[in-house]
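# Analysis of the macromolecular model
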Amino acid sequence: PHNRSFSVSSAFDFQSHLFPLSSTQGNGYAPIGAPISSSGPQTALGGGSLEKHKTLTYLNGLSLIVGLIIGSGIFSSPSQVNVNAGSAGASLIVWALAGILAWTGASSYAELGGAIPLNGGPQVYLSKIFGELFGFLFTWCAVMVLKPGSSAIISIIMGEYLVRAAIGAEAENVSSWINKSVALVGLLVVTLLNCISTRLGTRMGDMFMFMKFIALLGVTVIGIVVAVTGFSASGEANQDWKTIGWFEGTSTSASSWAVALYAGLWAFDGWDNTNYVVGEFRNPTRDLPRVIHTAMPLVILSYILANVAYFFVLPIKTLNSSNTVAVMFGNEVFGPIGSLLLALIVSASCFGALNATTFTSGRLVYVAGKEGYLPSVFGKIGIRNHDEPTSSRLRTRNWASKLLAKLCGDEETGLFFTPVYAMVLNACLTACYVFVGEFGTLVTFYGVAGYTFYFLTVLGLIILRVREPNLERPYKTWITTPIIFCCVSLFLLSRAVFAEPLQTLIVVVFVGIGVPIYYWRIAGRDQVKRESGSSGRRGWKFWKWGMS
Ligand code: ARG
């Protein structure tokens, strides 16, 4: 029984887990959890593995990725794109370019996700292609900084807009701690909901996706109506857009374009997130590419239309000087009611993005726990013992929790059949970043580290094509796709490195710290494996594996 809480690969060889000789699936990759519970001594895993309960449908995947991508960016970063691109026409081009770049990245990831249908995304791809160290370093950065950092940014923006909705323009003068407190409450709610039930999380996601599309569609329609009729809250006909010189003033400097592109890319960021949960799809090989090829064009189109609407409604000067473009938009058309409405929409959009990112971050941390990169408790499911057979669990539950499970749609697996500990860790780290609030550094870190790993992963796709041409790839993207992605992201990376050498150094040092930690974790894991293989007696070394 003391073996129960072993993380999956601490108890068997990582390599053979990732690349089993005797494949259990056509393409040679088995979902985490599956091959072990049927063979090794780890039958104790029982029902305690997420991937055994494949719950995600095409719609869930779509709302997950759309919900994550459409967050704050389209409502707040247009000014950064405009200012750096220099003209309205150029900024529309930047939005299109950013969208297409994200789409090429997502298509590349779809190929990898189909060939290696495991939870964890880049962690498993990098491990396979470049060796486990790279997979670990990705996880190290993603779990410690990238994931909680981006959640912190989104939740702070959500807080700001909620406060703005509550008290109007006064919000500019309130202490940042008020915004932060609201952000923390939002984070708490989202984490709690996602801990209670997987279905609850995905259902909320579905709801938010529709809301976001309707909001962006609304913005577009209003923009067109305003352009045609000249309607505005003040009653003065608003026809500024007729005087826009669409390409007048277009920037000619490569670095301005790079900055504009970065701002646009933030709004498109999150396209990689379905890959973290591939293992939980009912039909990953069919649905992953389908999700990506519906989500990306829809998002690109709605972003471009929303931007056109902004240009129709707002004078360029206002547009370029505001960080709350959407609220300005609402105010211009409908007055204070409009700004209230838009502030609410933006905060709801951020809340939805926070929900989606919490869902996937939880899975990433969970996989890291299972691989032994983190203490094994983070690779566990639920706050109750989900290793018991489901039937006995159901019998012991009281009527209230049964009813709740039914309402959430989780009768089969039960409540708290989620990576609870992983989500709590993620929420704690996010809260730290919210407190510290050093977003300048965080954003640069996100740009440099994030794009390094995007680049490496997509480069890995190309390498894998050469090295393993016969690997079964249910979905294959055009080879130009990863090549374009690699070239553009290399360009962006080099710009960031030269523009922010000091911040880049922070990234390098942080990644460097991950290297000794990797050897420490792996040495610990292998020793546990050796000991568990030799005799029945296992001296429990808590310092090695944490709180099991
Ligand atoms: N695209 C989102 C927004 O505009 C940000 C996504 C952040 N990335 C992430 N993996 N959570 O707000």
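Residues numbered from 1 in each chain as written. Predicted model: local features only at pLDDT ≥ 70, side-chain atom pairs only at ≥ 80, totals over all residues. Heavy atoms only, no water.

## Regarding the side chain of threonine 104
Quick reminder of the rule: Helix numbering and strand numbering both begin at the N terminus, where a helix is a DSSP run of H or I of at least 4 residues and a strand a DSSP run of E of at least 2. Should any heavy atoms of two residues lie within 4.5 Å, those residues are counted as being in contact.
Here threonine 104 shows up in helix 6 (residues 88–115). Not counting residues within four places of it along the chain, the set of residues in contact with threonine 104 comprises Thr481, Ile484 and Phe485.

## Topic: the site of the ligand
The criterion, for reference: Neighbouring residues are identified by heavy atoms, a residue being near a molecule or strand if any of them is within 4 Å of it. Throughout, the Shrake-Rupley method with a 1.4 Å probe supplies accessible areas, and for residues the shown protein chains are the sole cover considered. Gly is placed with the polar residues, together with every amino acid not listed as nonpolar (Ala, Val, Leu, Ile, Met, Phe, Trp, Tyr, Cys and Pro) or charged (Asp, Glu, Lys and Arg).
Inspection of the region around the ligand gives Leu68, Ile69, Gly71, Ser72, Gly73, Ser150, Trp266, Ala267, Asp269, Asn273, Thr357 and Tyr446 as its neighbouring residues. Here the ligand loses 99% of its free accessible area of 340 Å² to cover by the protein chains. Going through the elements one at a time, helix 3 (58–69) and helix 11 (254–268) are the ones with two or more residues in the shell around the ligand. Among the residues forming the shell around the ligand, the class breakdown is five nonpolar, six polar and one charged.

## Observations concerning the packing of aromatic side chains
Where we set the bar: Only the six-membered ring of Trp is used, alongside the rings of Phe and Tyr, when aromatic pairs are assigned; centres must lie within 6.5 Å, and planes under 30 degrees apart are stacked while those over 60 apart are edge-to-face, with the rest tilted. Only protein chains enter the accessibility calculation, which uses a 1.4 Å probe. A residue is then buried if its area is under 20% of the maximum for its type, exposed if over 50%, and partly exposed in between. Criterion for a charge above a ring: Lys NZ or Arg CZ within 6 Å of the ring centre, and within 35 degrees of the ring normal.
Overall, the coordinates contain 23 aromatic pairs when judged by the stated rule. Ring centres 5.7 Å apart and planes at 50° place the aromatic pair phenylalanine 208 and phenylalanine 351 in the tilted group. Residue phenylalanine 208 is located in helix 10 (residues 198–229), and its partner phenylalanine 351 is located in helix 15 (residues 336–371); the two are separated by 143 residues in the primary sequence. The exposure class of phenylalanine 208 is buried, given its relative accessible area of 10%. Connected via pairs of aromatic rings, a cluster forms that spans Tyr109, Tyr125, Tyr262, Trp271, Tyr451, Tyr454 and Phe485. The residue whose ring lies beneath arginine 363 is phenylalanine 359, and the NZ or CZ to ring-centre distance is 4.0 Å.

## Considerations on the confidence of the model for the protein chain
Our working rule: The quantity called pLDDT is the predictor's confidence in a given residue, expressed from 0 to 100.
Mean pLDDT for the protein chain: 78, with 79% of residues reaching 70 or above. Per-element confidence in the protein chain ranges from a low mean pLDDT of 27 for helix 2 (residues 34–38) to a high of 93 for helix 6. Under a pLDDT of 50 for its full length, residues 1–47 has, in the predicted model, 97 contacts with residues more than four places off or in other chains. This stretch, residues 534–548, has a pLDDT under 50; its non-local contacts, to residues over four places away or in other chains, come to 31 contacts. Per the prediction output, this complex has pTM 0.82; the corresponding ipTM is 0.97.

## Observations regarding the environment of arginine 521
The condition that has to hold: Any pair of nitrogen or oxygen atoms within 3.5 Å is treated as a polar contact; in protein, a donor-acceptor pairing is required on top of that, and neighbouring residues in sequence qualify only through side-chain atoms on both sides.
With respect to the secondary-structure elements, arginine 521 resides in helix 21 (residues 501–534). Look at arginine 521 and you get buried, because its relative accessible area is 6%. Each C-alpha atom, one on arginine 521 and one on serine 77, is 40 Å from the other, the two residues being 444 residues apart in sequence. Here tyrosine 373 takes part through its backbone oxygen, which lies 3.3 Å from a polar atom of the side chain of arginine 521. Of note is the side chain of arginine 521, whose polar atom sits 3.5 Å from the backbone oxygen of leucine 374.

## Considerations on helix 6
Rule in force here: In a helix, the anticipated span is given by 1.5 Å times the number of residues less one.
Here helix 6 contains 28 residues, and its C-alpha end-to-end distance of 41 Å stays within 8% of the 40 Å for a straight helix at 1.5 Å per residue. Taking burial as the measure, the 28 residues of helix 6 include 23 buried ones, the bulk of the element.

## Overview of the environment of proline 148
One can find proline 148 in helix 8 (residues 132–167). Overall, proline 148 belongs to the buried group, its relative accessible area being 0%. Spatially, the C-alpha atoms of proline 148 and valine 434 are 9.2 Å apart, while their sequence positions differ by 286 residues. Excluding residues that lie within four positions of it along the chain, proline 148 makes contacts with Ala142, Val143, Asn426, Leu429, Thr430 and Tyr433.

## With respect to helix 8
Given 3.6 residues per helical turn, the α-helix brings residues three or four places apart onto the same face. Between its terminal C-alpha atoms helix 8 stretches 51 Å, which fits the 52 Å expected from 36 residues at 1.5 Å a residue. One or two positions beyond helix 8, positive phi appears at glycine 168, with a value near 70°.

## Considerations on the pattern of salt bridges
Cut-off, in case you're wondering: The term salt bridge refers to a side-chain nitrogen of Lys or Arg lying within 4 Å of a carboxyl oxygen of Asp or Glu.
Summed over the entire model, instances satisfying the criterion amount to five salt bridges. The partner of arginine 465 in a salt bridge is glutamate 111, and the shortest N-O contact between them spans 2.6 Å. Here arginine 465, found in helix 19 (residues 439–467), pairs with glutamate 111, found in helix 6; they are 354 residues apart in sequence, far enough to count as distant. Here arginine 465 and glutamate 111 have matching classes, each one buried. Put simply, aspartate 287 and arginine 286 hold a salt bridge, and the shortest N to O gap is 2.9 Å. By relative accessible area, which is 43% here, arginine 286 ends up partly exposed. One connected set of salt bridges, linked through shared partners, spans Glu111, Arg465 and Arg473.

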